Amino acid sequence: MLLHPVPASENEVAIEIKKSRFIARASRVDDRQQAKECLQRMRDDYPDARHHCWAYLLGDATASCDAAMNDDGEPSGTAGKPILNVLRHKGVGNIMVVVARYFGGIKLGAGGLTRAYSSAAEAVMSTLAVVQHEPVLEERLRCEFSQEQLVRHWAAVHGATISEPVYSQNVTLTLRLSERDGPALTDFCRSNGVVIESEDRC
């Protein structure tokens, strides 16, 4: 998987449309649990807002593996979907945008709401700082004592990091490496009789 942009830091912008105030916050989230926590922080920070509408994209925005949205009481399709459409258009992954709305007394109508939530999401995304993120694999390897230095050499050559080894009847090493080097590690392990016990993407 190639590099893709993700938020460098949290960003928040407020806009006003026909006396309704929309506060949009963009945050980096790497999984659904972080998305839930992000939403709860927004609710805690703006507890008296009438709505907390949101959308998130996990993974590469151009080929996102997970996306979700919620209108939080606004008419169906007028809040979460417009926010999600902006996220897809901007091409930033691992991101959640929550928009809190304070009702100003003037009804906006379905079209007005859609434009308002789109505008809030656009506003926060237009000033969002991003960095390039490369997916990482975490692999746990089991090898013989005589193979440890061979594994460590491979890790050094490929820029992988190794956590503290566990020594028992053999050696267990946990490697963190670029996802693009995953196939090379698999080939190396097969060729040298090293066992891959587990893997995880982060």
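Structure shown above.
In this text the structure is predicted, and so the values were computed from the model without any measurement. Each chain has its residues counted from 1, following the order in which its sequence is written. It should be noted that, the model being predicted, local features are given only for residues of pLDDT at least 70 and side-chain atom pairs only at 80 or more, the latter also being counted only at that level, while totals for whole chains, interfaces and linings use all residues. Hydrogens and water molecules were not included; the side-chain quantities draw on all heavy atoms of the structure.

Participant: So what exactly am I meant to see when it comes to helix α4 (residues 148-157) here?
Facilitator: Given 3.6 residues to a turn, an α-helix orients residues that are three or four positions apart in the same direction. Throughout, exposure labels follow a simple rule: accessible area from a 1.4 Å probe, protein chains only, divided by the maximum for the residue type, with under 20% read as buried, over 50% as exposed, and the rest as partly exposed. The helix count covers DSSP runs of H or I at least four residues long, the strand count covers runs of E at least two residues long, and both are numbered beginning at the N terminus. Three or more residues of α4 are buried, namely Glu148, Val151, Trp154 and Ala155. Considered in projection along α4, the buried side chains sweep an arc of 130° and stay on one side of the axis. Turned more than 90 degrees off the buried face of α4, the exposed positions are Gln149, His153, Ala156 and Val157. Any two residues whose heavy atoms approach within 4.5 Å are treated as being in contact. Looking at the buried side of α4, the elements it contacts are β8 (136-143), β9 (161-162), β10 (166-167), β11 (171-178) and α5 (182-192). With its phi angle positive at about 70°, Gly159 sits one or two positions after the end of α4. Arc, as used here, means the arc of the directions from the helix axis to the C-beta atoms.

Participant: For this particular structure, what's the right way to read the nonpolar core?
Facilitator: Side chains that are nonpolar tend, in soluble globular proteins, to be buried together. Residues enter a nonpolar core if they are buried and are Ala, Val, Leu, Ile, Met, Phe, Trp, Tyr or Cys, with the set joined through side-chain atoms within 4.5 Å. If you look at the biggest cluster of nonpolar residues, it comprises 25 residues, and the most contacted ones within it are Ile83, Ile95, Val97, Val99, Tyr117 and Met125. Secondary structure elements with two or more residues in this core: β3 (20-28), β4 (51-58), α2 (80-90), β6 (95-102) and α3 (109-126). Top element by residues in this core is α3. It accounts for seven residues. Ignoring any residue separated from it by four or fewer positions in sequence, one finds Ile83 in contact with Cys53, Trp54, Ala55, Val97, Val99, Tyr117 and Ala121. Among the nonpolar cores identified, the runner-up in size contains 16 residues, and Val29, Ala49, Trp54 and Tyr56 belong to it.

Participant: Even after reading the chapter, I still don't get the pairing of β3, so can you show me in this structure?
Facilitator: Looking along a regular strand, one sees side chains alternate from face to face of the sheet. Burial within β3 is extensive, with seven of its nine residues counted as buried. Being paired, for any two strands, means DSSP has found at least two bridges between them. The sheet contact formed by strand β2 (residues 11-17) and β3 spans seven bridges and is antiparallel. Following the sheet pairing, Glu12 is matched in β3 by Arg25. Between β2 and β3, which pair antiparallel in sequence order, lie two residues; one of them, Lys18, sits at a positive phi of approximately 50°. As defined by bridge partners, β3 adjoins β6 across eight bridges and the pair is classed as antiparallel.

Participant: Looking at this structure, how should I read the sheet that holds β6?
Facilitator: Hydrogen bonds along the backbone pair up the strands of a sheet, which may run parallel or antiparallel. Judged by pairing direction, the sheet is antiparallel, and its five strands sit side by side in the order β2-β3-β6-β4-β5 without closing on themselves. The strands lining the two open edges of the sheet, one partner per strand, are β2 and β5 (66-70). For this sheet the average axis-to-axis angle between neighbouring strands, irrespective of direction, equals 15°. Here α3 sits on the sheet in contact with β2, β3, β4 and β6, set at roughly 145° to β2. Angular values range over 0 to 180 degrees, each being the angle between N-to-C directions of two axes fitted as lines to C-alpha atoms, with helices fitted over their stretch in contact.

Participant: Looking at this model, I keep getting lost on helix α1 (residues 32-45). Mind explaining?
Facilitator: Between its terminal C-alpha atoms α1 stretches 20 Å, which fits the 20 Å expected from 14 residues at 1.5 Å a residue. Every buried residue belonging to α1 is among Ala35, Cys38, Leu39 and Met42, and all of these are buried. Mapping the buried residues of α1 onto a view down its axis gives an arc of 95°, with all of them on the same face. Exposed positions of α1 whose direction lies more than 90 degrees from the buried face are Lys36 and Asp44. Expected helix span is taken as 1.5 Å per residue step, with the number of steps being one fewer than the number of residues.

Participant: How do you make sense of the packing of α4 against α5 when you look at a structure like this?
Facilitator: Any two packed helices are characterised by the angle at which their axes cross and by the distance between the axes. α5 packs onto α4 with a crossing angle of 160° between their chain directions and a minimal axis gap of 12 Å. What the angle tells us is that α4 and α5 run roughly antiparallel. In this structure, α4 meets α5 at a crossing whose hand is right-handed. Counted together, Leu150, Val151 and Trp154 of α4 and Ala184, Leu185, Phe188 and Asn192 of α5 form the full contact between these two elements. The nonpolar class holds Ala, Val, Leu, Ile, Met, Phe, Trp, Tyr, Cys and Pro. Asp, Glu, Lys and Arg form the charged class, and all remaining residues, Gly among them, are polar. Across the contact of α4 with α5, the residue classes break down as six nonpolar, one polar and no charged. The labels follow the angle: roughly parallel below 35 degrees, roughly antiparallel above 145, roughly perpendicular from 65 to 115, and oblique for the rest. Each crossing gets its hand from how the near helix is turned against the far one by less than a right angle, where anticlockwise is left-handed and clockwise is right-handed.

Participant: Hey, could you run me through the packing of aromatic side chains in this one?
Facilitator: Ring pairs are drawn from Phe, Tyr and Trp, using the six-membered ring of Trp, whenever the two centres fall within 6.5 Å, and their geometry is named by plane angle: stacked under 30 degrees, edge-to-face over 60, tilted for the rest. If you walk through the whole model with that rule in mind, you get four aromatic pairs. Taking the centre distance of 5.9 Å and the plane angle of 10° together, the rings of Phe145 and Tyr167 count as stacked. Highlighted residues: Phe145 in the loop between β8 and α4 and Tyr167 in strand β10, separated in sequence by 22 residues. Classification of Tyr167 by relative accessible area gives partly exposed; the value is 46%.

Participant: Quick question: what am I supposed to make of the pattern of salt bridges here?
Facilitator: Where side chains of opposite charge bring their charged atoms close, a pairing between them can arise. The term salt bridge refers to a pairing of a side-chain nitrogen on Lys or Arg with a carboxyl oxygen on Asp or Glu at a separation within 4 Å. Considering all chains together, one arrives at 11 salt bridges under this definition. Across the pair Arg25 and Glu12 runs a salt bridge whose closest N-O atoms are separated by 2.8 Å. Taken together, the residues span a long stretch of sequence, with Arg25 in strand β3 and Glu12 in strand β2 at a distance of 13 residues. Looking at Arg25, the relative accessible area reads 6%, which means it is buried. Here Glu197 makes a salt bridge to Arg140, at a shortest N to O gap of 3.0 Å. Highlighted residues: Glu197 in strand β12 (residues 195-201) and Arg140 in strand β8, separated in sequence by 57 residues. A cluster of three or more residues bridged by salt bridges with shared partners is formed by Glu12, Arg25 and Asp45.

Don't take any of this as a statement about function, it's just geometry.
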